[in-house]
Each structure stands twice: as structure tokens, then as C-alpha cells.
Amino acid sequence: MLKIGLTGGIGSGKSTIADLFKTLFNIPIIDADIIARQLVEPGQKGLGLIQHKFGQLVINQDGVLDRNKLREIIFTDPVKKQQLEEILHPLIYAEMQSIFEKQNSSYSILCIPLLMETKQCSFVDRILVVDCSVEVQIARVMQRDKQSKKQIKSIISSQVSRQYRLTHTNDVIENTKSTNQLAEQVKKLHNQYLNLAILNSE
Ligand SMILES: Nc1ncnc2c1ncn2[C@@H]1O[C@H](COP(=O)(O)OP(=O)(O)OP(=O)(O)O)[C@@H](O)[C@H]1O
Ligand SMILES: [Mg+2]
């Protein structure tokens, strides 16, 4: 069973591509963002560890994580940011691994926005980067999230560069034009991954 790490900058089109693998070929999608959210729901291990480290200050009256408060704390304090990552990242990767092992498919797509930033490239067998220009990223995210250009730029500069991604990947999907050009690229990669999965199992 092959583990494909799907990554790319904010708004590059990771979720769009993951949806295509799912709808066209019924490939399992394991999404780090969804897992990260689930891990901090009330009663979950992640929330317990965050509460232990950061105190009651980051928990609302109803026991839910106060994301704004937490964001505020880590935004101004890099040590706290690192502490939070040290809590969450191992939990996220462990959960992804456990879900991956339960799949019955030639390959699975693990959508991991920060795969390169967290230096976890060896967690996957192969990397697939969704690529587009920074200008396109900004335009898409502005339209989707109504965030300011400044906010989006600051997120982009906290991520690895487009160049870094492209020189550390196995495969690339160009998502520069309309979404019509995506299905063909996904189909090609799907066939390639099926062949690799066969070679891998021999
Ligand atoms: N080729 C395209 N043409 C036009 N819009 C697109 C294209 N690809 C993606 N989009 C739109 O751009 C936005 C960002 O795409 P998507 O959510 O797939 O990116 P993402 O990489 O998953 O982002 P994030 O890093 O925030 O999770 C979405 O609103 C999506 O519908
Ligand atoms: Mg996404």
C-alpha cells in the first residue's frame, strides 16, 4: 500500500485535487487538517495536552478550545508556538498512520499542507505538489476566505517557498489555469501510482 503525500501552499488547490482522486477513482483521502481539528475536540487527547500546557485560559466555558486565544498566544511567542506544535504534530502523524493502515486500497492520498515545513517527507512514499504562482494563491484565498492580502502574504511567507517545494517533490500538478485541466493530470498520476503500487508489492 502506497502512501502519497499531497502538499502545496495555502490555496494552491490541495483539497480540490484530493476531491478529484476521491470522486474519479475512489481513493482514500486522509486529511491532516481534519485530523488536527478532531484532535482538539472536547474529550480528545490533543485538547487535554493543550489544556495541561497552556492552562484554562485557552478553554471556553463550555469546554471547547478557544482558538482565537491560542492563536493570539502563539502569534506573539515563538516558544509557545513550538510547544503547541510539539503537542499536535506527533498526534496528527500517528493518527494519519493509524487511519492509513486501515485502508484497503492500492494507494492512499495523505493531504498534508505542512509536510515540508514539519520535515516529515520520509513519512510518505512519494510526494505530490500542487503548484501555482503566489499571485494566484493570494487571489484564490482572498475570494474563498475574505482574508486581507496582508494576512495571506504573511501565511505564505511562513511556508516553504514555491521553489523549495518544486525541488523536493516527486510529482507536480499544475493548477494554474481552470479546473478543467486537472482531471487529465489526476488520471495520469492515478495510473502511475497504481503501477508503482504493483511494483512495490512484488
Ligand atoms: N484551477 C482553479 N481555478 C479556480 N479556482 C480554483 C482552482 N483550484 C482551486 N480553486 C479554488 O481556490 C480555493 C483554494 O483551493 P483549495 O481549497 O483546493 O486549496 P487548498 O490548497 O486546499 O487550500 P488550503 O491550504 O487553505 O487548505 C478554493 O476556493 C477552490 O475552489
Ligand atoms: Mg485545503
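J.: I tried to follow the domain arrangement of the protein chain on my own but got confused; where do I start?
T.: Partitioning the protein chain into domains gives domain 1 (1–28 + 106–202) and domain 2 (36–102). Taking the mean C-alpha position of each, domain 1 and domain 2 sit 24 Å from one another. Tallying the contact residues gives six residues for domain 1 and four residues for domain 2. A class-by-class count of the residues in the side of domain 1 that touches domain 2 yields two nonpolar, three polar and one charged.

J.: So what exactly am I meant to see when it comes to unusual backbone geometry here?
T.: Excluding glycine, residues mostly have negative phi values, and the peptide bonds linking residues are mostly trans. You will see that Asn26, though not glycine, has its phi angle at about 55°, which is positive. Here Lys146, not a glycine, exhibits a phi torsion of approximately 55°, which is positive. Overall, Lys146 belongs to the exposed group, with 7 C-beta atoms counted inside 10 Å.

J.: Honestly, the site of ligand 1 in this entry has me stumped. Any pointers?
T.: Near ligand 1, the surroundings consist of 14 residues, among which Lys14, Ser15, Thr16, Arg140 and Arg144 are the closest. The set of elements that each furnish at least two residues to the shell around ligand 1 consists of α1 (14–25) and α6 (134–145). For the shell around ligand 1, the leading source of residues is α1, giving three residues. The residue inventory of the shell around ligand 1, partitioned by class, reads two nonpolar, nine polar and three charged.

J.: Would you take a moment to explain the sheet that holds strand β3 (residues 107–111) for this structure?
T.: Here five strands make up an open sheet; going across it, the order is β2-β3-β1-β4-β5 and the pairing parallel. Two strands lie at the open edges of the sheet, namely β2 (29–31) and β5 (171–174), each paired on one side alone. When strand polarity is set aside, the average angle formed by the axes of neighbouring strands in this sheet is 25°. Of the strand pairs in this sheet, β2 and β3 are connected by three bridges, and their pairing is parallel. When the bridges of β3 are listed, Ile30 appears paired with Leu110. This element, helix α9 (residues 182–201), spans β1 (2–7), β3, β4 (126–131) and β5 of the sheet and lies at about 150° to β1.

J.: What is the right way to look at the pairing of β4 in this model?
T.: Side-chain direction in a regular strand flips from residue to residue, so the side chains alternate between the two faces of the sheet. Direction of pairing for β1 relative to β4: parallel, over a ladder of four bridges. For Ile4, the partnering residue across the bridge sits in β4 and is Arg126. Sheet analysis places β4 next to β5, joined by four bridges and oriented parallel. The partner of Val129 across the bridge, within β5, is Val172.

J.: I keep staring at the nonpolar core and nothing clicks. Help me out?
T.: Here is a general trend for soluble globular proteins: nonpolar side chains tend to be buried in one another's company. Counting 36 residues, the largest nonpolar core has Ile4, Leu6, Ile17, Phe21, Ile109, Leu110 and Cys111 as the members making the most contacts within it. For this core, the secondary-structure elements that each account for two or more residues are β1, α1, α2 (32–39), α3 (45–54), α5 (78–101), β3, β4 and α9. For this core, the domains that each give at least three residues are domain 1 (1–28 + 106–202) and domain 2 (36–102). Residues in contact with Leu110, not counting those within four places in the same chain, are Lys3, Ile4, Gly5, Leu6, Ile30, Met96, Phe100 and Val124.

J.: Sorry if this is basic, but what is going on with the packing of α2 against α5 here?
T.: Two quantities define a packed helix pair, namely the angle between the helix axes and the distance between the axes. Two numbers describe how α2 lies on α5: the axes approach to 10 Å, and their chain directions differ by 115°. Between α2 and α5 the crossing geometry is right-handed. Taking contact as the criterion, the partners of Ala32, Ile35, Ala36 and Leu39 in α2 are, on α5, Leu88, Leu91, Ile92, Glu95 and Met96. Split by residue class, the contact of α2 with α5 holds eight nonpolar, no polar and one charged.

J.: Would you mind going over the pairing of β3 with me for this structure?
T.: Burial runs high along β3: five of the five residues are buried. Burial along β3 is two-sided: Tyr107, Ile109 and Cys111 facing one way and Ser108 and Leu110 facing the other are all buried. As judged from the five bridges shared by β1 and β3, these two strands associate in the parallel manner. If you follow Leu2 over to β3, its bridge partner there is Tyr107.

Conventions and cut-offs
- Throughout, residues of each chain are indexed from 1 in the direction in which the sequence is written.
- Throughout, the order in which chains and ligands are written sets their labels, letters from A for the former and numbers from 1 for the latter.
- pLDDT decides what is reported in this predicted model: residues at 70 or higher carry local features, side-chain atom pairs at 80 or more are listed and counted, and totals for whole chains, interfaces and linings draw on all residues regardless.
- Throughout the structure description, domain borders are defined by an automatic or database domain assignment.
- Placing a C-beta atom from the backbone of each residue, one calls two residues in contact when those atoms lie within 7 Å.
- Under the convention adopted here, Pro, Cys and the residues Ala, Val, Leu, Ile, Met, Phe, Trp and Tyr are nonpolar, Asp, Glu, Lys and Arg are charged, and Gly plus all remaining residues are polar.
- As a rule, residues whose C-beta atom has 12 or fewer other C-beta atoms within 10 Å are exposed, those with 20 or more are buried, and those in between are partly exposed; C-beta atoms are placed from the backbone.
- Here, nearness is defined through the C-beta atom: a residue counts as near a molecule or strand if that backbone-placed atom lies within 6 Å of it.
- A run of H or I in DSSP becomes a helix once it reaches four residues, and a run of E becomes a strand once it reaches two; helices and strands are each numbered from the N terminus.
- When DSSP locates at least two bridges between a pair of strands, those strands are taken to pair.
- A fitted line through C-alpha atoms represents every axis, and for helices the fit uses only the stretch in contact; the resulting angles, taken between N-to-C directions, go from 0 to 180 degrees.
- Here, a nonpolar core denotes buried Ala, Val, Leu, Ile, Met, Phe, Trp, Tyr and Cys residues that are linked to one another through C-beta atoms within 7 Å.
- Left-handed describes a crossing whose near helix is turned anticlockwise from the far helix through less than a right angle; right-handed describes the clockwise counterpart.

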